[in-house]
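Now for the letters of each chain:
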Amino acid sequence: MPPFFALVALYGLIFVLHLIVPGRWVTGYARDERSGAPLRYRLNGLRVALLTLALYLGAGALGWIPWDYLYVHRWEALAAACALGLVFTGAIVLTAPPRRGLLTDLFLGRRENPQLAGGHVDAKMFLYLVGAVTLELNLLSFAAHHVLLFPGEASPGVLLHVALFSWFVFDYLWFEEVHLYTYDLFAERVGFKLGWGCLTFYPFFYAVGLWSVAARPDPGAPGWRLLLCALLFFAGWVMARGANMQKYWFKTQPERPAFGVLPPETIEDGERRLLVNGFWGAARHINYLGEITMATALALTLGYPWALGPWLYPLYYVVLLLPRQRDDDRRCAAKYGALWAEYERRVPYRVIPYLY
Ligand code: NDP
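Values in this document were obtained by computation on a predicted structure and should not be read as measured data. (Residues numbered from 1 in each chain as written. Predicted model: local features only at pLDDT ≥ 70, side-chain atom pairs only at ≥ 80, totals over all residues. Heavy atoms only, no water.)

## Considerations on the nonpolar core
Across soluble globular proteins, nonpolar side chains have a tendency to be buried as a group. One finds Tyr41, Phe168, Tyr206, Tyr313 and Tyr317 to be the most contacted residues of the largest nonpolar core, which totals 104 residues. Ranked by the residues each element gives to this core, the list is headed by helix 6 (residues 123-149), at 13 residues. Residue-level mapping places this core at the junction of two domains, with at least three residues from each of domain 1 (1-218) and domain 2 (219-356). Aside from chain neighbours lying at most four places away, what touches Tyr206 is Leu135, Phe165, Phe168, Phe201, Tyr313, Tyr316 and Tyr317. (Core = buried A, V, L, I, M, F, W, Y, C linked by side-chain atoms within 4.5 Å. Buried < 20%, exposed > 50% of the residue type's maximum accessible area, 1.4 Å probe, protein only. Helix = DSSP H or I, 4+ residues; strand = E, 2+ residues; numbered from the N terminus. Domains from an automatic or database assignment. Contact = heavy atoms within 4.5 Å.)

## Let's talk about a nonpolar patch on the surface
Taken together, the side chains of Phe15, Val16, Leu19, Ile20 and Leu116 present a nonpolar region at the surface, about 420 Å² in accessible area. The element best represented in the nonpolar patch is helix 1 (residues 3-20), accounting for 4 residues. Examined against the element boundaries, Val16 turns out to sit in helix 1. The exposure class of Val16 is partly exposed, given its relative accessible area of 41%. (Patch = residues over 30% accessible without salt bridge, like charges linked within 9 Å, V, L, I, M, F, W, Y side chains within 5 Å. Areas by Shrake-Rupley, 256 points an atom, 1.4 Å probe, with all protein chains shown as cover. Salt bridge = Lys/Arg side-chain N within 4 Å of Asp/Glu carboxyl O.)

## Some points on the domain arrangement of the protein
With domains assigned, the protein is organised as domain 1 (1-218) and domain 2 (219-356). Computed from C-alpha atoms alone, the centre-to-centre distance between domain 1 and domain 2 is 23 Å. Taken residue by residue, the interface counts 32 residues in domain 1 and 33 residues in domain 2. Roughly 3000 Å² of surface becomes buried between domain 1 and domain 2 when both sides are summed, with 69% attributable to carbon and sulfur atoms. Looking only at domain 1, the three residues that lose the most surface to domain 2 are Leu164, Tyr181 and Tyr183, adding up to 20% of its buried area. Across the pair Asp184 and Arg324 runs a salt bridge whose closest N-O atoms are separated by 2.7 Å. Our count for the contact surface shared by domain 1 and domain 2 stands at 10 residue pairs in polar contact (both at pLDDT 80 or more). Broken down by element, the side of domain 1 that touches domain 2 gets its largest block of residues, 11 residues, from helix 7 (residues 156-174). Among the residues forming the side of domain 1 that touches domain 2, the class breakdown is 22 nonpolar, 5 polar and 5 charged. (Buried area = accessible area lost by both parts, 1.4 Å probe. Polar contact = N/O pair within 3.5 Å; in protein donor to acceptor, adjacent residues only side chain to side chain. Nonpolar A, V, L, I, M, F, W, Y, C, P; charged D, E, K, R; others polar.)

## Here we look at the pattern of salt bridges
The final tally for this structure, using the stated rule, is 14 salt bridges. The salt bridge partner of Arg284 is Asp329, with a shortest N-O separation of 2.7 Å. With Arg284 in the loop between helix 12 (279-282) and helix 13 (286-301) and Asp329 in helix 14 (residues 309-336), the pair connects residues that are 45 residues apart, well separated along the chain. When sorted by exposure, Arg284 lands in the same class as Asp329, which is buried. Bridged by salt links that share partners, the residues Arg284, Asp329, Glu344 and Arg350 form one connected network.

## A look at the site of the ligand
Residues in close proximity to the ligand total 27 residues, the closest being Tyr29, Tyr183, Tyr206, Tyr288 and Tyr336. Within the side chain of Tyr288, a nitrogen or oxygen atom sits 2.5 Å from an oxygen atom of the ligand. A total of 910 Å² of accessible area belongs to the ligand in isolation, and the protein chains cover 94% of it. Elements supplying a minimum of two residues to the shell around the ligand: helix 8 (183-187), helix 11 (223-252), strand 6 (273-275), helix 13, helix 14 and helix 15 (338-346). With 9 residues, helix 14 is the single largest residue contributor to the shell around the ligand. In this structure, the shell around the ligand is formed jointly by two domains, domain 1 (1-218) and domain 2 (219-356), each of which donates at least three residues. (Near = heavy atom within 4 Å.)

Right, dumping it as structure tokens:
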């Protein structure tokens, strides 16, 4: 099968698995535009990812596809993902009533939370699932290419990079429900940004570091440096996952102590409450610092600190998340009014405690 169609078939497979694999129903945070009721979701991302991975490993072991197929055909696969992203964007946007002008609508979307069969398939959650699974397959395939190219001399940094990045992917899938409480899910619409972003950008650009060094030899980083990279990665993970979990518990069980030990400390205006302790007391978006720290650690594991490729991923996070923090501040100032001003007084740092 031509590689272009192999990628289309992979996305089709993930869609079919998402449709048929049993999932658990949960109530989300975003609300239905018309009824105002919280939306329902059917989540099975982890199972779909594990099944797809098992099929990929099985096909590799049987010799049906080379282990590094997605590396060897990365440009064709990227072109196919790009075409699918564009077709999807056109289909989801142009079939909905106009909102703010064609170009803005194409980029930001018209529909807020498109779902099939009352949540059996939710467009946003499916898009994130395709992105996550394809990113994982890309990483494995790119690393396989490196191992095949340098038998017995593979870079331990490449293996560590894939292990940590897999942690990142499966962490998202494990905590899929927590994602229902994030900005994309409750504040964005489905257009090019989310559609093309998840079908093309997420699975390919996030692997840009490995893409750029997979064919290079082991740079020979000492073990202690790799250990430091792993520690840095997990420091970032604690900030990002910790902040997200603390907020998730606060939204779903407002009195529950976070992590079993940290009762929520809040400010309120009689109607609404905001967290002001723990991660949310250190900076208003310390979770973004966590993401940037993890991405920096991932770039460093590859052992080519002077090459541009590995740095594109953390740089992208800086460009994405710093303006997003400001957008979210504006959104929250409009939503919470004086309460948000009080929060800004109590927690003056945007992203980095004591610095920014
Ligand atoms: P946040 O999880 O920071 O959510 C912001 C929202 O949380 C606000 O709009 C507000 O919503 C609520 N909130 C803010 N401050 C408080 C507070 N003190 N107390 C209670 N509620 C508060 O942002 P995102 O949704 O952007 O990010 C979620 C996660 O996803 C982060 O870890 C982020 O780094 C990650 N992410 C990952 C990306 C990736 O590519 N890997 C890309 C983008 C984000 P409300 O109206 O509910 O009060």
